[in-house]
Amino acid sequence: MNIRPASALRPLRLSIADDPRWARIVTRDKSADGQLWYSVSTTGIYCRPSCSSRRANPKNVALHDTIESARATGFRPCKRCNPDGPSLDTENATLVAKACRIIEESEEEPSLEELAVAVDRSPSYFHRMFKASTGLTPKAYAAGHRAKKVREGLETGTSVTEAMYDAGFNSSGRFYEKSNGMLGMTPTQYREGGTNEDIKFAIGQSCLGAILVASSSKGVASILLGDDPDALVRNLQDRFPKARLIGMDRDYEALIAQVCGFVENPDVGLDLPLDVRGTAFQRRVWQVLQEIPVGGRMSYSEVARRIGSPSATRAVAGACAANNIAVAIPCHRVVRNDGALSGYAWGVDRKRALLDREALQSA
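These numbers come from a predicted model, not from an experiment.

Trainee: Describe in detail the overall build of the protein chain, supporting the description with residues and values.
Mentor: The helix and strand tally for the protein chain stands at 16 helices and 10 strands. Put simply, the protein chain has 363 residues, and 42% of those count as buried. Within the protein chain, contacts between residues at least 6 apart in sequence are counted, and of these 58% link residues at least 24 apart. With an accessible surface of roughly 19400 Å², the protein chain has 50% of that area assigned to carbon and sulfur atoms.

This is how it looks when you write it as structure tokens:
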């Protein structure tokens with residue numbers, strides 16, 4: 001009679017390295033924080049998955065599904081990742097929100113040093129933290145806030161001078177030096193809804209339906225896609241309520257043909273002067289989009305990393321949604337991390353059609 005050893009009767013125990021939860025620790029998955037903890041017997045500490053400390057040997061690690069289980073080991077919480085309290089990202093987000101309020105409530109732009117003191121961080125660390133959270137430097141955020149206040153003031157009928165001082169500009173020369181970049185036109189024109197600004201436009205047809213192309217004196221200001229040409233014109237009128245909208249003439253036919261030709265045949269390229277009107281953050285995102293080649297795709301998180309703000313994925317998605325220059329600023333080439341298509345201002349079906357056509361052309 002053969003007797004099996006007792007060890008053979010015990011169920012096999014998977015090693016920590018084979019546990020799918022360990023993979024989240026290896027990648028320092030921040031989304032696993034609050035769902036999983038791990039303890040290390042050789043150091044006598046327990047951590048959150050995103051901890052930046054040196055990777056432990058899985059032979060010395062135990063995994064815990066609750067913080068109580070991690071504490072029950074008798075080990076101490078890691079000082080680096082603070083598993084018992086809010087994560088570093090959460091703490092930083094709170095400090096950045098405080099700094100943003102200070103910027104928004106200050107009559108004059110606070111210096112980097114003043115902001116750093118207010119949140120009890122060094123200037124260099126605060127600068128990196130702020131940019132990682134918002135996608136902008138503190139100076140760029142302040143500039144964007146001033147531009148927003150100028151626009152709001154002018155839109156509500158405030159005089160140019162009042163809007164200038166309310167936004168924190170103490171010099172008219174400084175204000176007018178930056179006004180075109182903020183508004184895309186002179187302050188007076190913006191206040192009057194684009195009065196005296198000529199906007200040329202034309203509508204063409206392609207495999208995507210109707211295409212409206214509109215240009216200012218600086219370049220293409222809008223490329224809109226849709227099914228109803230009249231709806232596209234109304235959209236343009238809403239954006240430039242007091243501008244002079246000038247319908248297509250012979251000189252403009254070549255431009256609309258160029259855009260329609262690009263949609264049909266992406267390999268021909270689309271090199272147009274653009275009149276890009278957006279915030280500093282949006283402009284940075286749109287610049288990255290223009291660098292994606294025909295046939296290429298990029299995830300929202302990859303765009304965020306390219307602009308140096310890896311945590312600004314949602315803000316990147318917002319910038320893509322705010323893009324009014326379709327195909328020339330190719331927001332259709334931005335997809336989810338798993339490659340799936342997400343929303344598109346002109347419809348996901350058009351996004352799919354554009355990507356399929358580009359993939360076929362570049363194959």
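Resuming the write-up.
Trainee: Give a detailed account of the packing of helix 4 (residues 88-105) against helix 6 (residues 123-134), specifying residues and quantitative values.
Mentor: Between helix 4 and helix 6, whose axes approach to 9 Å, the crossing angle comes to 95°. The orientation of helix 4 relative to helix 6 falls into the category roughly perpendicular. In contact with L88, N92, L95, V96, A99, C100 and I103 of helix 4, helix 6 contributes Y125, F126, M129, F130, S133 and T134. The residue makeup of the contact of helix 4 with helix 6, split by class, is 10 nonpolar, 3 polar and no charged.

Trainee: Pulling in residues and values, what's your account of the sheet that holds strand 5 (residues 198-206)?
Mentor: Ordered in space as 7-6-5-8, the 4 strands form an open sheet in which the pairing is mixed. The two strands at the open ends of the sheet, each matched to only one other strand, are strand 7 (220-226) and strand 8 (244-246). The sheet shows a mean angle of 25° between the axes of neighbouring strands, taken without regard to direction. Here 3 bridges tie strand 5 to strand 8, and the two strands are oriented parallel to one another. Along strand 8, the bridge assignment pairs I199 with L245. Set on the sheet, helix 12 (residues 250-264) makes contact with strand 5, strand 6 (209-215) and strand 7; between it and strand 6 the angle comes to about 135°.

Trainee: Describe the pattern of salt bridges, and please don't skip the residues or the numbers.
Mentor: Per the counting criterion, the structure on display carries 13 salt bridges. Its salt-bridge partner being R244, residue D198 comes within 2.6 Å of it at the nearest N-O pair. Of the two residues, D198 sits in strand 5 while R244 sits in strand 8, which places them 46 residues apart along the sequence. Residue R244 is classed as partly exposed on the basis of its relative accessible area of 42%. Linking R333 and E358 is a salt bridge whose minimum nitrogen-to-oxygen distance equals 3.0 Å. Remark: E358 occurs in helix 16 (residues 348-362) and R333 occurs in the loop between helix 15 (313-321) and strand 10 (334-335); sequence separation between them is 25 residues. On the basis of relative accessibility, which here comes to 1%, the residue E358 falls in the buried class. Beyond isolated ion pairs, a larger network of salt bridges with shared partners links D19, R21 and D65.

Trainee: Break down the sheet that holds strand 3 (residues 61-64) for me, citing the residues and quoting the values.
Mentor: Strand order in the open sheet made by the 4 strands is 3-1-2-4, with mixed pairing throughout. Each edge of the sheet is formed by a strand with only one pairing partner; in this case those strands are strand 3 and strand 4 (76-77). Bridge count between strand 1 (residues 37-40) and strand 3: 4 bridges; the pairing is antiparallel. Looking at strand 3, one finds that S39 is bridged to A62.

Trainee: Describe unusual backbone geometry, naming the residues involved and giving the relevant values.
Mentor: Even without being a glycine, R28 presents a positive backbone phi close to 50°. By the element assignment, R28 lies in the loop between helix 2 (20-26) and strand 1. The exposure class assigned to R28 is partly exposed, which follows from its relative accessible area of 33%. You will see that D120, though not glycine, has its phi angle at about 60°, which is positive. In this fold, D120 is placed in the loop between helix 5 (112-118) and helix 6. The exposed category is assigned to D120, whose relative accessible area is 63%.

Trainee: Give me the lowdown on helix 6, citing residues and values where you can.
Mentor: Residues spaced three or four apart along an α-helix point in a common direction, a consequence of the helix completing one turn every 3.6 residues. Here helix 6 is 12 residues long and its end C-alpha atoms lie 16 Å apart, about the 16 Å a rise of 1.5 Å per residue gives. Of the residues making up helix 6, those classed as buried are F126, M129, F130 and T134. Take helix 6 and look down its axis: the buried residues cluster within an arc of 105°, on one side only. Directly after helix 6, the chain includes G135, whose backbone phi takes a positive value near 85°.

Trainee: Explain the packing of aromatic side chains to me, and be specific about the residues and the numbers.
Mentor: The geometry of an aromatic ring pair is captured by the separation of the ring centres together with the interplanar angle, meaning the angle of the planes. Enumeration over the complete set of coordinates arrives at 3 aromatic pairs. Through pairs of rings, three or more aromatic residues link up here, namely F126, F130 and Y141.

Trainee: I'd like to hear about the nonpolar core, residue by residue, with values.
Mentor: Side chains that are nonpolar tend, in soluble globular proteins, to be buried together. Counting residues in each nonpolar core, the largest one holds 67 residues, and the members touching the most others are V213, I223, V285, L289 and V316. Of all the elements, helix 12 adds the most residues to this core, at 7 residues. Excluding residues within four positions of it along the chain, V316 makes contact with F281, V285, Y300, V303, A304 and I307. Among the nonpolar cores identified, the runner-up in size contains 14 residues, and W22, L36, V40 and I45 belong to it.

Trainee: A description of the side chain of D275 should follow, citing residues and the corresponding values.
Mentor: Tracing the backbone through its elements, the reader meets D275 in the loop between helix 12 and helix 13 (280-290). Of the polar contacts made by the side chain of D275, one reaches the side chain of S216; its length is 2.6 Å. Beyond its immediate sequence surroundings of up to four residues, D275 is in contact with S216, K218, G219, V220, A221 and I325.

Rules of the game
- For every chain, the first residue of its written sequence is number 1, and the numbers climb from 1 along that sequence.
- With the structure being a predicted model, the display of local features is reserved for residues of pLDDT at least 70 and the display and counting of side-chain atom pairs for 80 or more, all residues being used for whole-chain, interface and lining totals.
- Hydrogens and water molecules were not included; the side-chain quantities draw on all heavy atoms of the structure.
- Each helix corresponds to a stretch of at least 4 residues labelled H or I by DSSP, and each strand to a stretch of at least 2 residues labelled E; elements are numbered beginning at the N terminus.
- Exposed residues in this analysis have more than 50% of their type's maximum accessible area, buried residues have under 20%, and partly exposed residues fall in between, with area computed by a 1.4 Å probe over protein chains only.
- Residues count as neighbours in contact if any of their non-hydrogen atoms are within 4.5 Å of one another.
- Using a 1.4 Å probe, the Shrake-Rupley method yields the accessible areas, and only the shown protein chains count as cover for residues.
- Each axis is a line fitted through C-alpha atoms, taken for helices only over the stretch in contact, and angles between the N-to-C directions span 0 to 180 degrees.
- The cut-offs work like this: below 35 degrees is roughly parallel, past 145 is roughly antiparallel, 65 to 115 is roughly perpendicular, and the gaps in between are oblique.
- All amino acids are sorted into three groups, where Ala, Val, Leu, Ile, Met, Phe, Trp, Tyr, Cys and Pro are nonpolar, Asp, Glu, Lys and Arg are charged, and the leftover types, Gly among them, are polar.
- The criterion for strand pairing is that DSSP finds at least two bridges linking the strands in question.
- By convention in these notes, a salt bridge is any Lys or Arg side-chain nitrogen within 4 Å of a carboxyl oxygen on Asp or Glu.
- Multiplying 1.5 Å by the residue count of a helix minus one yields the expected span of that helix.
- Relevant arc is that of directions from the helix axis to the C-beta atoms, nothing else.
- The rule is short: rings of Phe, Tyr and Trp, with Trp giving its six-membered ring, pair when the centres are within 6.5 Å, and they are stacked under 30 degrees, edge-to-face over 60, tilted in between.
- Definition used in this section: a nonpolar core is a set of buried Ala, Val, Leu, Ile, Met, Phe, Trp, Tyr and Cys residues joined via side-chain atoms within 4.5 Å.
- For the purposes of these results, a polar contact is taken to be a pair of N or O atoms within 3.5 Å, where, inside protein, one atom must be able to donate a hydrogen and its partner to accept one; residues adjacent in sequence count only when each atom of the pair is a side-chain atom.

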